[in-house]
Structures are given as structure tokens and as C-alpha cells.
Amino acid sequence: MSMSNANFPMDAEGRTYHVGVKRGELANRIITVGDPARAIVLSRTLDGVDPSAPVKSISANLFSHASHRGFLTITGRYKGTPVSIVAIGMGVSMMDFFVRECRAVVDGPMTIIRLGSCGSLSDAKVGDICVPSSSYLVQRNYDYFAEDSSASSASPYILSKKFDADPEVTATLVKNMSAQLGDNHVWNGINATADSFYSSQGRQDENFVDNNQELFTELVKYEPGTLTLEMETFLLYHLARTSTVAPLKEESKVKAAATSNKHSIRAGACMMVFAQRKSNEFISKEDVARVEPLAGKAVFDSLVEVSLGDESELHATEGS
Ligand code: R1P
């Protein structure tokens with residue numbers, strides 16, 4: 001694979017370095033997940049997929065691309081509208097690769113919704129869905145643990161400011177999730193994204209010094225509406241907030257500058273509670289299989305329901 005442009009590497013076909021997508025392969029409406037198996041489950045909801053086809057394979061009717069760095073992209077249509085599903089793996093670095101590389105090869109406004117799993121610090125039970133209106137970042141304070149640390153008064157974990165989801169995307173997700181799962185299984189609040197599954201999510205590990213015994217108490221004191229802990233949503237919300245108006249065709253720039261929405265990405269997220277951190281319960285395989293397709297349908301419904309803005313800017317996608 002030969003790449004050009006060290007600033008933003010692309011191959012000769014115009015494929016990005018890590019996600020491996022090129023112009024025309026991605027829709028402006030994207031659902032992102034961690035697990036590639038979840039992406040394949042969700043792809044069964046897309047138009048033209050034979051429900052009797054093998055559960056673990058991607059329908060030949062859909063475009064798909066697996067990158068050498070573990071990203072899986074599937075593009076098709078949902079109720080006639082082009083949509084993509086991108087599985088990214090785990091953590092804020094993978095979210096950064098995904099959002100930036102996808103943004104680089106899609107023209108016009110985008111809506112990105114994450115459907116992930118999470119731990120619940122709240123009364124949300126395993127199998128429930130949380131739709132966060134905002135997210136903050138929980139980072140291990142590496143300096144605190146340094147040999148020569150003079151940071152004895154500093155905290156071992158650093159909590160960032162909150163970044164918001166798009167309010168219309170959030171409200172639409174809450175409505176559609178409630179339609180699929182019932183009001184009493186859908187929660188709206190604040191998410192905390194952690195830079196580790198272990199230390200900065202308050203898991204106790206005797207093999208390391210983590211000083212995280214009081215972390216849950218600190219999170220809830222910092223933001224009383226904290227419902228969930230996971231590892232990607234903060235960066236999605238942050239990048240949506242810092243996205244500039246998409247690199248539109250020259251004649252569209254004036255129109256884009258005049259719109260009130262000055263960001264090119266609208267973002268939202270929802271998470272299935274896999275781990276109840278207060279009661280220490282973990283979701284069963286059967287509950288994952290029940291909730292995943294219902295939640296996926298609610299996300300697809302939301303993706304096509306929320307307007308992208310001026311859809312005349314969009315270009316057609318292949319494979320759909
Ligand atoms: C940890 O097991 C992973 O699960 C959660 C966390 O954010 C982390 O990525 O989300 P996904 O199920 O979307 O991967």
C-alpha cells in the first residue's frame with residue numbers, strides 16, 4: 001500500500017490510511033459501533049437483505065470494506081435513504097481515526113450516531129438503553145503516578161468539561177428507543193467516557209496502583225446526572241462540536257456560511273447497559289441478542305428522521 005501526503009495520508013485510489021474508505025463508499029448518515037459482529041447484526045435491518053441469509057455474513061447486496069486496521073464499513077439503504085454502519089473497535093483514538101477519515105471523504109453535512117455498550121453507575125439496569133445529552137472525559141492523571149511527582153494534592157483522575165450531543169438527535173433517539181423498548185427502559189442523562197476500561201472506570205486491579213477507590217463518588221459529585229461509563233462518546237461529541245462546515249463545492253460555500261448550524265457533523269449516542277456497576281450484574285447473551293436489533297432499528301429510524309440540512313449538497317453513494 002503506497003500512501004501520499006504525510007499530513008493526511010491517502011492511497012492512489014483516495015482511500016484513507018486506517019479506515020480505508022474512499023469517496024462514494026460512505027453515506028452522510030452513519031451508525032458507529034465498537035464490535036464488528038454488532039455491525040453485521042445491524043446490517044440485517046437494511047433494505048434488500050434476505051432475512052433467511054446466514055446471520056453472521058454481510059449480504060452481497062450491501063457494500064462492505066474491512067480495513068487492515070480493524071475498521072469495518074457497510075453501506076446500504078434504510079427505508080430508501082443511504083446509511084452506513086462503521087465498526088471502529090474501542091477507545092477515543094479509534095473514534096478520532098473514524099470521525100476524521102470519514103469526514104474527509106464525505107461531502108456535505110453528516111449525522112453520526114454511536115450505538116455502544118456501557119456500564120451503569122445509575123439505576124439503569126442491564127439491557128436498558130441510555131441516551132446521553134452530553135459527555136465528559138475521565139483521564140488517568142499520568143503525572144500523579146510519576147516517580148518524582150510533587151502532585152500529592154492533585155487528583156489521580158482528571159475530569160473534563162462536558163460536550164453536548166445534538167439536541168434534536170438526542171430527543172429523536174429517546175422517542176424511537178422508547179417506541180422499541182418501552183419508556184421505563186430508556187434513560188437520558190450524562191455519560192462519562194474513560195481512557196481505560198479498568199483504572200479510569202473504577203475497576204479494582206491488584207496488579208497496579210490505580211488510586212481509584214473513590215472514583216464513582218467523585219464522578220457523581222462532579223456531575224450528579226452521570227448515568228454511564230464507556231470509552232468513545234466524549235470524542236464523538238467533541239469532534240462534532242469542533243467540526244467546521246464541510247468542504248462543500250465552491251458555489252455552495254456562501255449558502256453553508258449563511259446557515260445557523262455552523263458545524264458539519266450532528267452527533268448523538270446511545271448505549272446498551274452491559275454492566276451494572278452498583279449491583280455488579282452483567283448482561284446475558286440472550287439479552288444482547290434481544291436488545292441489539294431493537295436498538296439498531298431505533299438508531300436507523302432516528303438517522304433518517306433527523307434532517308441533514310441542505311440535502312441538495314449530498315452526492316450519491318455506491319453500493320446502495
Ligand atoms: C469495552 O468492553 C468496550 O465496550 C464499550 C466501551 O465503550 C468499549 O469500547 O462500547 P462498545 O460495545 O461499543 O465497544
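All of these numbers come straight from a predicted model, not from anything done at the bench.

(A) Spotlight on the overall build of the chain. For the chain, the helix and strand inventory stands at 7 helices and 14 strands. Whereas a compact globule of 320 residues would reach a radius of gyration of roughly 20 Å, the chain reaches 20 Å, a difference of no more than 12%. Considered along the principal axes of its C-alpha atoms, the chain spans approximately 55 × 45 × 40 Å. Taking all contacts inside the chain whose residues are at least 6 apart in sequence as the whole, residues at least 24 apart take part in 77%. Here the chain has roughly 14900 Å² of accessible surface; of this, 54% comes from carbon and sulfur atoms. For the chain, the centre of its 31 positive side-chain charges and the centre of its 39 negative side-chain charges are spaced 4 Å apart.

(B) Quick peek at the site of the ligand. Gly34, Arg38, Met90, Arg114, Gly116, Ser117, Phe197, Glu230, Met231 and Glu232 make up every residue found near the ligand. Contacts to the ligand include Arg38, whose side-chain N or O atom sits 3.1 Å from an oxygen atom. Between the ligand and Arg114 there is a distance of 2.9 Å, counted from an oxygen atom to a side-chain nitrogen or oxygen. Within the complex, the protein chains bury 84% of what would otherwise be the 340 Å² of accessible surface of the ligand. Top contributing element to the shell around the ligand by residue count: strand E7 (residues 110-120), with 3 residues. Of the residues assigned to the shell around the ligand, the class counts are 3 nonpolar, 3 polar and 4 charged.

(C) Just the packing of aromatic side chains, in detail. Applying the stated criterion across every chain yields a total of 7 aromatic pairs. Between Tyr136 and Tyr222, the aromatic rings sit 5.1 Å apart at their centres with planes inclined by 70°, giving edge-to-face as the arrangement. Separated by 86 residues along the polypeptide, Tyr136 in strand E8 (residues 129-140) and Tyr222 in helix H4 (residues 215-222) bring together distant segments of the chain. With relative accessibility at 0%, the residue Tyr136 sits in the buried group. Classification of Tyr222 by relative accessible area gives partly exposed; the value is 35%. Looking at Arg140, its charged tip hangs above the ring of Phe145, at a distance of 4.1 Å from the centre. Over the ring of Phe197 we find Arg203, and its NZ or CZ is 3.8 Å from the ring centre.

(D) View of helix H3 (residues 167-181). Over its 15 residues, H3 runs 21 Å from end to end, which matches the ideal 21 Å to within 8%, given 1.5 Å per residue. Taken together, the buried positions of H3 are Val169, Thr170, Thr172, Leu173, Asn176, Met177, Ser178 and Leu181. Those residues of H3 that are buried are in contact with E7, E8, strand E11 (186-194), strand E13 (265-276) and helix H7 (285-305). Two or three places before Glu168, at the start of H3, stands the capping residue Asp166, its side-chain oxygen 3.0 Å from that residue's backbone nitrogen. One or two residues past the end of H3 sits Gly182, with phi positive at roughly 95°.

(E) Quick look at the nonpolar core. Membership of the largest hydrophobic core comes to 67 residues, with the highest contact counts inside it found for Phe98 and Met177. With 8 residues, the single largest contributor to this core is E13. Excluding residues within four positions of it along the chain, Met177 makes contact with Ile129, Val131, Gly182, Val186, Cys270, Ala295, Ala298 and Val299.

(F) Fine view of the pairing of strand E6 (residues 81-87). Most of E6 is tucked away, with 6 of its 7 residues classed as buried. Bridging between strand E3 (residues 29-33) and E6 involves 4 bridges; their strand directions are parallel. Within the sheet, the bridge partner assigned to Ile31 lies in E6 and is Ile85. Direction of pairing for strand E5 (residues 72-78) relative to E6: antiparallel, over a ladder of 7 bridges. In the sheet register, Thr75 faces E6, and the bridge partner there is Ser84. In textbook terms, the turn of a hairpin is the stretch between consecutive antiparallel strands, and for E5 and E6 this stretch comprises 2 residues, one of which, Lys79, has a positive phi near 50°.

(G) Main features of helix H2 (residues 92-105). Counted at 1.5 Å a residue, the expected span for H2 with its 14 residues is 20 Å, and the 20 Å between its end C-alpha atoms agrees. Every buried residue of H2 is listed here: Met94, Met95, Phe98, Val99, Glu101, Cys102, Arg103 and Val105. For H2, the secondary structure elements touched by its buried residues are strand E2 (10-11), E3, E6, E7, helix H5 (233-242) and E13.

(H) Structural view of the confidence of the model for the chain. Per-residue confidence for the chain gives a mean pLDDT of 92, with 90% of residues at or over 70. For the stretch residues 312-320, pLDDT sits under 50, and the model shows 30 contacts to residues farther than four places along the chain or on other chains.

What counts, and at which threshold
Residues numbered from 1 in each chain as written. Predicted model: local features only at pLDDT ≥ 70, side-chain atom pairs only at ≥ 80, totals over all residues. Heavy atoms only, no water. Helix = DSSP H or I, 4+ residues; strand = E, 2+ residues; numbered from the N terminus. Rg over C-alpha atoms; globule rule 2.2 N^0.38 Å. Contact = heavy atoms within 4.5 Å. Areas by Shrake-Rupley, 256 points an atom, 1.4 Å probe, with all protein chains shown as cover. Lys, Arg positive; Asp, Glu negative; His and termini not counted. Charge placed at Lys NZ, Arg CZ, Asp CG, Glu CD. Near = heavy atom within 4 Å. Polar contact = N/O pair within 3.5 Å; in protein donor to acceptor, adjacent residues only side chain to side chain. Nonpolar A, V, L, I, M, F, W, Y, C, P; charged D, E, K, R; others polar. Phe/Tyr/Trp six-rings, centres within 6.5 Å; stacked < 30°, edge-to-face > 60°. Buried < 20%, exposed > 50% of the residue type's maximum accessible area, 1.4 Å probe, protein only. Lys NZ or Arg CZ within 6 Å of the ring centre and 35° of its normal. Expected span 1.5 Å × (residues − 1). Core = buried A, V, L, I, M, F, W, Y, C linked by side-chain atoms within 4.5 Å. Pairing = 2+ DSSP bridges. pLDDT = per-residue confidence, 0-100.

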